[in-house]
Amino acid sequence: MTCETIELTLVDFQLAAVDEETRARIEAHLLECPQCLKSYLALKRNLETAESEPAPSPASRARLRAAVAEYLHPAPKPWGWWERPLAFGFATAALVVALLITQSIASGPGAAPRTLAGAQHRTFSP
Ligand SMILES: [Zn+2]
């Protein structure tokens, strides 16, 4: 690995976000290259001192948590005032259409007779 690629991976290396092979290569390079070692130590110092800076307030932490929770598990959107009647209207229309189709199939020519008497009348009438 070149010094430029090492520089780019030092943050991931410090945060343990590199795979085992990359980590071994970076460690080997840091042992050989004083310039990269110096960069790494400066970066490490900056990251560690940054963590001792004043922390965000509890209120802003709570807002951030709420925002993340809302993003991950959004609350179901309530129905609009017009959506429920529209849905019932469509369901009723679909039911009526299904009933009409069923009735036309059941009462048309070639339909099964409703009673035995009707069957005799149809079958044996001259
Ligand atoms: Zn180097």
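Our subject is the structure that appears above.
Parameters at a glance
The numbering scheme is per chain: residues are counted from 1 as the chain's sequence reads. Predicted model: local features are reported for residues with pLDDT of at least 70 only, side-chain atom pairs are reported and counted for 80 or more only, and whole-chain, interface and lining totals are derived from all residues. The side-chain numbers reported here are obtained from all heavy atoms of the structure, hydrogens and water having been left aside. Coordinating donors are taken as N, O and S atoms within 2.8 Å of the metal, stretched to 3.2 Å for Na, K and Ca; because water is absent from the atoms, sites can appear incomplete. Under this scheme a four-donor centre is tetrahedral when all angles range from 85 to 135 degrees, a four-donor centre is square planar and a six-donor centre octahedral when opposite donors are above 155 degrees with the rest from 65 to 115, and any other centre is irregular. Planes of paired rings set the category: under 30 degrees apart is stacked, over 60 is edge-to-face and the rest tilted, where pairs are Phe, Tyr or Trp rings (Trp by its six-membered ring) whose centres lie within 6.5 Å. Under the DSSP-based scheme used, a helix requires at least four consecutive residues in state H or I and a strand at least two consecutive residues in state E, with every element numbered from the N terminus. Lysine and arginine charges are scored as sitting over a ring when NZ or CZ, respectively, is within 6 Å of the ring centre and within 35 degrees of the ring normal.

> What should I look at first to understand the coordination of the zinc ion in this one?
For a metal with four tetrahedral donors the ideal donor-metal-donor angle is 109.5 degrees, whereas six octahedral donors ideally subtend 90 or 180 degrees. Within the protein, the atoms that donate to the zinc ion are Cys-3 (SG), His-29 (NE2), Cys-33 (SG) and Cys-36 (SG), at distances of 2.0 to 2.4 Å. Considering all four donor atoms around the zinc ion, the spread of angles at the metal, 104 to 113 degrees, places the coordination shape in the tetrahedral class. The sequence motif formed by the donor residues of the zinc ion is C-x25-H-x3-C-x2-C.

> Explanation requested: the packing of aromatic side chains in the structure shown.
Each aromatic ring pair is specified by the distance between its two centres and by the angle formed by the two planes. Counted by the stated rule, this structure contains one aromatic pair. On the basis of an interplanar angle of 65 degrees and a centroid distance of 5.3 Å, the ring pair of Phe-13 and Tyr-40 is categorised as edge-to-face. In this pair, Phe-13 is assigned in helix H1 (residues 3-14) and Tyr-40 in helix H3 (residues 34-51), connecting sequence segments 27 residues apart. Against the face of Trp-79 rests Arg-84, its NZ or CZ located 4.9 Å from the ring centre.

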